[in-house]
Amino acid sequence: MKKSCLILLVAAFVFVVMSGFGSAAPCGGVVACSCNDTLSSSRTLNASDNITGCTGSGAGLTINASNVVLDCAAYSINGTLNGTGIMVTGLENITIKNCTIGKFLVGVNFTGVNGSTLSKNIITNNTFGGVLLRGSLNNVISGGEFGWNNQGSGFGLGGVIITSGSNGNNITGGVYMHNNKNSAVEITISSNSTIIDGNNINTKILGKSKKVLLNKKELRLILLDNPMGQNDEMTPFIVIRKV
């Protein structure tokens, strides 16, 4: 019963954050972006871009082409607690970096996105979650900050939500996760082989596959003395197995 409720809630959550993306102006290259625009080529944001205070269920940006790099250069993409900050569907080799994304239902939605990177982003104060990976493979979340996500009074999932056939994703490189209401990383519904490597987050266990029989307390005790001796560097993977 609990699993069925979770499936329904996640399905409703995905529907909400994917709905509302209608017609929008194209941007990218030398063309500045505004709320609800469609990014079709790489762009580094500057003072001419205005993606703040976005309203409506489709607020933010939609990326509609593979091999696109969005470098926010520390500029913000923010909304009014509606829509999705950045929506990407069915693409590959997308890079989103140096962005500050907040005050949406979800900060970044990767649905059917493969081989892409989220690097050094600050994703905070989103109602349901920071990043959603749905049916997405072999993506990397590196560095940055995820905090105060899913702070609404209703249903919320986590800083990073990995669900529905998302495998081989890697969270690494000193990601700072804090004050996410339910969990730092929520792994739900048929998502296996998710790799979470050592991060400087006070030895908290971010998430684990349901096939791992140890509980989070036992895993934390194994890693409590930081056996790899890492701070914010990218680390070798730590494999914990029964001997």
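Residues numbered from 1 in each chain as written. Predicted model: local features only at pLDDT ≥ 70, side-chain atom pairs only at ≥ 80, totals over all residues. Heavy atoms only, no water.

(A) Highlighting the pairing of strand 7 (residues 84-89). When you tally the buried positions in strand 7, you get five out of six residues, the bulk of the element. In terms of strand pairing, strand 4 (residues 61-63) meets strand 7 through three bridges, oriented parallel. Bridge assignment links I63 to a residue of strand 7, and that residue is V88. Pairing of strand 7 with strand 10 (residues 106-111), which is carried by five bridges, proceeds in the parallel orientation. Considered in strand 10, the bridge of M87 is made with N109. (Buried < 20%, exposed > 50% of the residue type's maximum accessible area, 1.4 Å probe, protein only. Helix = DSSP H or I, 4+ residues; strand = E, 2+ residues; numbered from the N terminus. Pairing = 2+ DSSP bridges.)

(B) Spatial organisation of the confidence of the model for the chain. Across the chain, the average pLDDT comes to 78, with 65% of residues at 70 or higher. Ignoring residues within four places in sequence, the model shows residues 1-10, a span with pLDDT below 50, making nine contacts including any to other chains. Taken as a whole, residues 15-23 scores under 50 in pLDDT and shows 23 contacts with residues more than four places along the chain or in a different chain. (pLDDT = per-residue confidence, 0-100. Contact = heavy atoms within 4.5 Å.)

(C) Representation of empty space enclosed by the protein within the structure. Summed over all chains, the structure comprises one cavity of 30 Å³ or more. In this structure, the largest cavity encloses a volume near 30 Å³. In this structure, the largest cavity is lined by L118, S119, K120, N121, I123, I141, S142, G143 and F146. Going through the elements one at a time, strand 11 (117-119) and strand 14 (140-142) are the ones with two or more residues in the lining of the largest cavity. (1 Å grid on protein atoms, 1.4 Å probe; cavity = no way out; pocket = protein on both sides within 12 Å on 5 of 7 lines; lining within 4 Å. Points joined across faces, edges and corners; volume = space filled by probe spheres on them.)

(D) Structural context of the nonpolar core. Counting residues in each nonpolar core, the largest one holds 39 residues, and the members touching the most others are L70 and I96. Elements supplying a minimum of two residues to this core: strand 4, strand 7, strand 10, strand 13 (129-134), strand 16 (158-163) and strand 19 (185-188). For I96, the residues in contact, after removing those within four places along its chain, are I63, L70, I86, V108, F110, T117, L118, S119 and N121. (Core = buried A, V, L, I, M, F, W, Y, C linked by side-chain atoms within 4.5 Å.)

(E) Main features of the pairing of strand 10. Within strand 10, six of the six residues are buried, which leaves it mostly tucked inside the rest of the structure. Across five bridges, strand 10 lies against strand 13 in parallel orientation. By the bridge assignment for strand 13, F110 is matched with L133.

(F) Spotlight on the pattern of salt bridges. Applying the stated criterion to the full structure yields one salt bridge. With a closest N to O distance of 2.9 Å, R43 and D49 form a salt bridge. For the pair R43 and D49, one class covers both residues: buried. (Salt bridge = Lys/Arg side-chain N within 4 Å of Asp/Glu carboxyl O.)

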